[in-house]
Amino acid sequence: MDSTGGETFARGPTTRFAPSPTGELHLGNARTALFNFLMARRGGGRFLLRIEDTDAGRSHERHTEVLLEDLTWLGLTWDAGPGREDEHGPYYQSRRGAIYQGFFETLERQGAVYPCFCSALELEASRRAQLASGRPPRYAGTCRDLTPGERERKRVQGLASTTRFRVPAGQRIEFVDLVHGAQSFLSDDIGDFVIRRGDGSAAFFFCNAVDDAGMGVTQVLRGEDHLTNTPRQLLVLEALSLPAPRYGHMALIVGPDGSPLSKRHGATSVREFRERGYRPEALVNYLFRLGHSGAEHALLDLEAMARAFDPAHLGRAPSHFDAQQLSVWQKEAAHRLSGAEALSWLRTLLPPGVEEAAANQFIAAVLPNVVLPEDARPWVRIVFGGPPDLEPAAEQAIRAAGSGYFAAAAQAAAQCGNDLPAIASAVRAATGRKGAELYMPLRLALTGCAHGPELAPLLRAMPAGAALERLKRLA
Ligand code: GLU
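Everything numeric in this text was worked out from a predicted model, so none of it was measured.

What counts, and where the lines are drawn
Residues numbered from 1 in each chain as written. Predicted model: local features only at pLDDT ≥ 70, side-chain atom pairs only at ≥ 80, totals over all residues. Heavy atoms only, no water. Helix = DSSP H or I, 4+ residues; strand = E, 2+ residues; numbered from the N terminus. Rg over C-alpha atoms; globule rule 2.2 N^0.38 Å. Buried < 20%, exposed > 50% of the residue type's maximum accessible area, 1.4 Å probe, protein only. Contact = heavy atoms within 4.5 Å. Areas by Shrake-Rupley, 256 points an atom, 1.4 Å probe, with all protein chains shown as cover. Lys, Arg positive; Asp, Glu negative; His and termini not counted. Charge placed at Lys NZ, Arg CZ, Asp CG, Glu CD. 1 Å grid on protein atoms, 1.4 Å probe; cavity = no way out; pocket = protein on both sides within 12 Å on 5 of 7 lines; lining within 4 Å. Points joined across faces, edges and corners; volume = space filled by probe spheres on them. Nonpolar A, V, L, I, M, F, W, Y, C, P; charged D, E, K, R; others polar. Phe/Tyr/Trp six-rings, centres within 6.5 Å; stacked < 30°, edge-to-face > 60°. Lys NZ or Arg CZ within 6 Å of the ring centre and 35° of its normal. Axes fitted to C-alpha atoms, helices over the stretch in contact; angles between N-to-C directions. Parallel < 35°, antiparallel > 145°, perpendicular 65-115°, else oblique. Salt bridge = Lys/Arg side-chain N within 4 Å of Asp/Glu carboxyl O. Pairing = 2+ DSSP bridges.

> What exactly am I supposed to notice about the overall build of the chain here?
Helix and strand content of the chain: 20 helices and 11 strands. What you see for the chain is a C-alpha radius of gyration of 31 Å, clearly larger than the 23 Å of a compact globule of 475 residues, by over 25%. When the 475 residues of the chain are sorted by exposure, 48% land in the buried category. Sequence separation of 24 or more characterises 73% of the internal contacts of the chain that already satisfy a separation of 6 or more. Put simply, the chain shows about 22,200 Å² of open surface, and 52% of that area lies on carbon and sulfur atoms. Charge separation in the chain, taken as the distance between the mean sites of 53 positive and 54 negative side-chain charges, equals 2 Å.

> Just to check I follow, could you spell out unusual backbone geometry for this structure?
Outside of glycine, negative phi angles account for most residues, and trans bonds account for most peptide bonds. The step from Gly89 to Pro90 runs through a cis peptide bond, and the omega angle for that step is -5°. Mapped onto the fold, Pro90 is located in the loop between helix 2 (61–74) and helix 3 (97–110).

> Explain the environment of Trp73 here, please?
Structurally, Trp73 is set in helix 2. With residues up to four places along the chain from it excluded, the contact list for Trp73 reads Val270, Arg274, Tyr278, Arg279, Pro280 and Leu283.

> Would you mind showing me how to read empty space enclosed by the protein here?
Under the counting rule described, the total for this entry stands at one cavity of 30 Å³ or more. Looking at the largest cavity, its volume works out to about 30 Å³. Surrounding the largest cavity, Arg31, Met250, Ala251, Gly291, Leu314, Gly315 and Ser319 form its lining.

> I tried to follow the layout of surface pockets on my own but got confused; where do I start?
In this approach, a probe sized like a water molecule rolls over the atoms, and the result shows the empty space that is left. Roughly 1,100 Å³ of internal volume is contained in the largest pocket. In this structure, the largest pocket is lined by 44 residues; those nearest its centre are Ser20, His26, Asn29, Asp225 and His226. When contributions to the lining of the largest pocket are tallied by element, the ones reaching two or more residues are strand 1 (14–17), helix 1 (27–42), helix 6 (204–214) and strand 8 (219–223). Considering each element in turn, the lining of the largest pocket owes the most residues, six residues, to helix 1. In the lining of the largest pocket, the residues fall into 15 nonpolar, 17 polar and 12 charged.

> For this particular structure, what's the right way to read the environment of Ala340?
Relative to the assigned elements, Ala340 resides in helix 12 (residues 339–346). Classification of Ala340 as exposed rests on a relative accessible area of 60%. Considered as a pair, Ala340 and Arg153 are 187 residues apart in the sequence and their alpha carbons are 73 Å apart.

> Is there a simple way to think about the packing of aromatic side chains in this case?
For the structure shown, the criterion picks out 13 aromatic pairs. The structure contains a cluster of three or more aromatic residues connected by ring pairs, namely Phe165, Phe193, Phe204 and Phe205. Between the NZ or CZ atom of Arg95 and the centre of the ring of Tyr92, over which it lies, the distance is 4.0 Å. One residue, Arg164, lies across the ring of Tyr139, its end atom 3.7 Å from the ring centre.

> Can you walk me through the packing of helix 1 against helix 9 (residues 280–289) in this structure?
Packed helices, taken two at a time, are described by the angle between their axes plus the distance between the axes. Their axes nearest at 10 Å, the elements helix 1 and helix 9 cross at an angle of 85°. Classified by the interaxial angle, the pair formed by helix 1 and helix 9 is roughly perpendicular. Residues Leu27, Ala30, Arg31, Leu34, Phe35 and Leu38 of helix 1 lie in contact with helix 9, whose contacting residues are Leu283, Val284, Leu287 and Phe288. Broken down by class, the residue content of the contact of helix 1 with helix 9 amounts to nine nonpolar, no polar and one charged.

> Can you walk me through the pattern of salt bridges in this structure?
If the charged atoms of two oppositely charged side chains come close together, the side chains can form a pair. This model, assessed by the stated rule, comprises 25 salt bridges. One salt bridge connects Asp257 with Arg264, and the closest N-O pair in it is separated by 3.4 Å. Arg279 is the partner of Glu281 in a salt bridge, and the nearest nitrogen-oxygen pair spans 3.2 Å. Each of the salt bridges in this network shares a partner with another, and the network as a whole consists of Arg16, Arg50, Glu52, Arg96, Asp211 and Asp212.

> Honestly, the side chain of Asn285 in this entry has me stumped. Any pointers?
In this fold, Asn285 is placed in helix 9. Note on Asn285: relative accessible area 0%, which makes it buried. In this view, Asn285 contacts Ala298, Leu299, Leu300, Met305 and Trp329; residues no more than four positions away in its chain are not counted.

> Hey, could you run me through the pairing of strand 3 (residues 113–116) in this one?
Each regular strand carries side chains that alternate between the two faces of the sheet. Neither face of strand 3 is open: one carries Val113 and Pro115, the other Tyr114 and Cys116, and all of them are buried. Examined bridge by bridge, strand 3 and strand 4 (residues 162–165) share four bridges and lie antiparallel to one another. Each residue of the ladder has a partner; that of Cys116, found in strand 4, is Thr162.

The following block contains the structure:
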């Protein structure tokens, strides 16, 4: 049996990511996108992208643009969605008004919905009153049974109305969540809810559900905050005789202190990580392990991840974001880059006009010591700038090596250029030094630092004559 829900799909599962473009794509949503992508790929199905932008006041075109860029950068390409329309589109909810209108009319004809004239103020007062008397707040049903005449009078008075779904009394709504297992809700605990806002736009419970049905979505992985929305959505789908997807609600991502991940925990949006030079493969490998357990401990590409993904392995406990762990993946991803990939990753740090060969030498020299591009920055200055400044401790170690040491080194550099083995063997011959005693004064003189990437490749990356210039001044 397939643990994605027990069904077999003739064409594989259809999953989707359905973001609201009200802000940046943060890690939680990126993980939701990733898991839906993997679930589709593992079953040879389709992954859709739907932009939930019916809330015109909060949705912004620029957020959608960055979102599409972020998903593409992560490698989470969609089979249908913005820029890849098919017969189930449009994939922007703001363009699906005519489809929603048809469903609204069906529900109106059935008497499954009614206009609600309550103002925001009235609703708030009712909510407070219920809370004050110890009851859970839900719509009090004020407009539920208005007569056609009463409705007409309110309209004539110019009162605006929303459309509410009439929740049937005395029903039990049951479903099996892909993560949380069997769920059961009483319809009597659910107040009649708004499916069309005062401005005529479709509200979340409604358009999210009917679009999943209309787009043939079979499985939905989404944030746990939507778990209690699910019974409402199932009621809407049932009223319209539309098929419901299998839902799975994933635990939240929390910060190290256990509170929901937010700005105060540092970078949380994909854009921030991207701009700091994180590799997409590091981010997806980290997210893949966040709340999903498995035996795969190597850096995986998306295809291998899809094979290893199993919704049965999604945990119910919140996942703790751990920047250190992300760093481990980042290091691994950076060290696996080919020369050409690493060059394009770090190129903007290099001084303009650096020759290709020198650039490649530099990358080869520093890459093993780089986790983020910022780690390469000081080495750009050390390699391509003039002779480094020497800290007092370095000066002291250099002085202790003696001028004979540096005279031999400078002479070898004059003959052989930036060739560390040649310089080191000349110094060894002149001074009898070995090991750290031999190499440390050279490292300090050439780089100004006691630690860093391997010295020989670093030296090869330096401009011709650099070794001589740096050693001569100490002879
Ligand atoms: N637009 C909703 C959100 O961003 C989608 C929820 C869902 O995936 O069903 O939270």
